[in-house]
Each structure stands twice: as structure tokens, then as C-alpha cells.
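# Survey of secondary and tertiary structure
One-letter residues, chain by chain:
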Amino acid sequence: MAETVRGSRVRHLRSLAPFPLIVVAGLILPWITSGAGLFLWELIVIQVVFALGTNLLIGHANIHTFGQAAFYGVGGYAAAVLALEGWNAWLALIAAIALGALLGGFVGGLAMRMTGMGTLMVTVAVAQCFYMLSGRLSVFGGDNGLSAIANGFPSTVGVEYWYLLLGICLAAIALMWVIVHSPFGAVLRALRDDPVRVVHMGVDVRRFRVVAFTLSGAFCGLSGSLAAYTQSAVSPEFFFWVVSGNALIMCVLGGLNSFWGPALGAVVYVLLSHELQSYFPDMSILTMGIALLVVVLILPRGLIEAPRRLALVLPRQTWRKR
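Residues numbered from 1 in each chain as written. Predicted model: local features only at pLDDT ≥ 70, side-chain atom pairs only at ≥ 80, totals over all residues. Heavy atoms only, no water.

Take the environment of Val252 next. By the secondary structure assignment, Val252 is in helix H11 (residues 241-254). For Val252, a relative accessible area of 36% gives the class partly exposed. Expressed as a C-alpha distance, the spacing of Val252 and Leu292, which sit 40 residues apart in the sequence, is 9.8 Å. (Helix = DSSP H or I, 4+ residues; strand = E, 2+ residues; numbered from the N terminus. Buried < 20%, exposed > 50% of the residue type's maximum accessible area, 1.4 Å probe, protein only.)

Below is the structure:
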């Protein structure tokens with residue numbers, strides 16, 4: 001038993017290995033890129049937080065959801081509205097996280113009354129309701145949206161903003177790592193793998209899943225508010241179902257059942273979308289679909305599985321050559 005616990009702790013510590021590499025890469029990035037390139041990476045780290053927050057539900061708790069855009073959009077609009085009211089950006093970020101968490105708990109309470117596809121439909125319905133309201137209410141700027149200027153933050157065109165954004169996102173990622181590898185995260189994985197057994201052990205399944213929704217809403221709200229400040233604007237598109245679809249694609253592309261998989265998926269997806277839009281502006285969606293199909297067929301468990309698959313294939317090829 002002691003050896004099992006010790007082995008589990010070692011695996012958890014090994015999963016932290018990418019973190020210092022990300023920190024070093026983030027620190028040197030402004031020295032090797034600037035302007036549009038740095039702006040692209042700002043969007044990427046925001047999407048990493050969004051994907052990891054979404055995976056708290058989909059990958060770790062096995063909760064069907066297609067409405068993460070609701071939390072993302074609420075965070076973005078909260079940041080924009082409060083910025084126009086003169087709030088300090090830090091206070092606005094805290095408010096955006098709180099509103100995302102509150103909405104997550106509310107949606108989770110509704111969704112957990114359903115099962116299977118019913119849960120998914122509740123989440124997407126809530127997101128689409130927000131999409132319709134944000135485009136029709138003048139207080140939210142209608143179809144044109146609102147400007148979002150971070151009061152008290154460095155200018156978004158400077159290197160200082162990159163370091164600030166990187167620090168916030170790294171803190172969010174570290175907190176999610178702690179949650180996933182905590183006893184709470186272990187219960188979520190148990191609910192994913194064998195929910196019947198967990199119920200028979202006396203665990204309040206609904207409460208744990210609602211808390212998972214709340215945490216996911218908080219992190220997705222944070223990513224939405226950071227996206228609003230980075231782009232200096234927010235629009236009803238923040239609530240659109242495509243945003244939820246992108247989050248799901250990033251999770252599946254990288255690997256649902258791992259912590260770093262969705263982060264890798266977010267990096268690859270955003271970079272691939274940018275490159276395809278540059279080279280195939282009229283066929284970017286088609287080429288993206290083909291590329292994703294090829295990846296899923298070759299690596300059904302996501303890109304995070306690629307090193308292991310290579311390790312299995314390369315020794316065989318070496319032996320055959322001999």
C-alpha cells in the first residue's frame with residue numbers, strides 16, 4: 001500500500017515536469033518574437049487556460065457539456081462592463097471569476113438534474129440564451145459589443161503585459177494542477193471511471209459534479225476576461241457555440257485523460273488555425289477538418305500520446321534494420 005501511494009506521488013511530481021519548461025519558454029519568448037507574434041501567443045496562453053478549465057468537466061469528471069462559452073462570455077463581458085465603470089482591472093478579474101463560478105454552479109445544478117445528452121443540451125441552451133441576449137441588449141453594446149480597456153494594467157502592446165498575462169495564466173494552471181491531483185480530483189476521476197461504485201460508497205455525486213462545474217466556470221470566466229482585455233473588446237461571439245466547440249476540439253486533440261493534453265491541444269489548434277488561415281483563407285475550415293481527422297485517426301488518445309507511440313514504433317524499426 002505504501003509503495004502504491006509513493007508511486008502515485010512520484011507520477012504526480014513527474015507530471016509537473018513541463019511546468020518549468022513553460023516558464024522558461026514564456027520568459028524568453030519576447031526576445032525571439034514581437035508584435036503580431038507575441039499577440040498570437042497571448043491568445044494561445046488564454047486558450048490553454050480555457051481548455052484546461054473545460055477539461056475539468058469533460059476529461060476528469062466525464063460530464064457532457066457544450067456550453068463553456070457561457071462562462072467564457074460572462075467573464076469577458078464582466079471585465080468590459082466593469083472597465084467602462086472605471087473599476088481597477090484586478091478587481092474586475094476577481095469579479096469575472098466570481099460571476100463565472102456562480103454561473104457554473106447554477107448551470108451545474110440544472111444540468112445534474114439531467115443525464116447523458118440532457119446535460120449537454122442544458123449547457124448549450126444556456127450559452128445560446130446569453131448569445132441572443134448580448135446581441136439584443138443595448139447595455140451590452142448589441143451586435144457591436146463593448147470596448148474593454150484594462151484600467152491599471154500595462155499597455156497590451158508592450159512586453160510588460162505579456163509577462164503579466166503569463167503570470168496570471170501560470171498561476172491558474174498551477175491551481176488547476178493542484179485541484180486535479182487533490183483528493184477532490186481523485187473523486188472526480190473515480191466518478192468518471194466507475195460512478196456506480198462511487199455511489200455505493202456513499203459519495204454525494206451531484207454535489208461533487210456541481211463543484212466541478214463551479215470551478216470550471218471560474219477558470220473559463222478568467223480566460224474570457226483576459227481575452228477581452230487582450231483584444232480590447234468583447235462581442236456576442238464570446239457566447240457563440242463555436243467557442244464551446246473550439247474548447248472541446250482542443251481537449252480531444254491534445255488528450256482528454258491527461259492534465260497537459262488540452263494545453264498541448266490548445267497550442268497546436270490555435271497555431272494550426274492561424275497558419276491555415278494565412279495559406280488557405282478560403283478553405284481554412286476544410287483543411288482544418290482534414291488535419292484534425294488525420295490526427296484523431298493516428299492518435300485516438302490525443303497528441304499527448306505521440307511520444308509513447310513513437311517509443312513503441314522506433315525500437316521495432318531499429319530491430320528490423322538490424
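Now, onward.
Okay, a nonpolar patch on the surface next. A contiguous nonpolar surface patch, about 960 Å² in accessible area, is contributed by Tyr279, Phe280, Met283, Leu286, Ile290, Leu293, Val294, Leu297 and Ile298. Ranked by residue count, the leading element in the nonpolar patch is helix H13 (residues 284-298), at six residues. Tracing the backbone shows Ile290 in helix H13. (Patch = residues over 30% accessible without salt bridge, like charges linked within 9 Å, V, L, I, M, F, W, Y side chains within 5 Å. Areas by Shrake-Rupley, 256 points an atom, 1.4 Å probe, with all protein chains shown as cover. Salt bridge = Lys/Arg side-chain N within 4 Å of Asp/Glu carboxyl O.)

It is worth spelling out the confidence of the model for the chain at this point. Considering every residue of the chain, the mean pLDDT works out to 86; 92% of them sit at 70 or more. Across residues 1-5 the pLDDT falls below 50, and counting only partners more than four positions away or on other chains, this stretch makes zero contacts in the model. (pLDDT = per-residue confidence, 0-100. Contact = heavy atoms within 4.5 Å.)

Moving on: the nonpolar core. Phe153, Ile173, Phe213, Leu226, Tyr229 and Phe259 are the most contacted members of the largest nonpolar core, which has 88 residues in total. With 13 residues, helix H7 (residues 159-180) is the single largest residue contributor to this core. Excluding residues within four positions of it along the chain, Ile173 makes contact with Phe19, Val48, Val49, Leu52, Phe259 and Trp260. (Core = buried A, V, L, I, M, F, W, Y, C linked by side-chain atoms within 4.5 Å.)

Contact geometry for helix H3 (residues 36-58) and H11: axes closest at 9 Å, N-to-C directions at 80 degrees. With respect to H11, the element H3 is oriented roughly perpendicular. From H3, Gln47, Phe50, Ala51, Thr54, Asn55 and Ile58 reach across to H11, where they touch Val243, Ala247, Leu248, Met250 and Cys251. Taken together, the residues of the contact of H3 with H11 sort by class into eight nonpolar, three polar and no charged. (Axes fitted to C-alpha atoms, helices over the stretch in contact; angles between N-to-C directions. Parallel < 35°, antiparallel > 145°, perpendicular 65-115°, else oblique. Nonpolar A, V, L, I, M, F, W, Y, C, P; charged D, E, K, R; others polar.)

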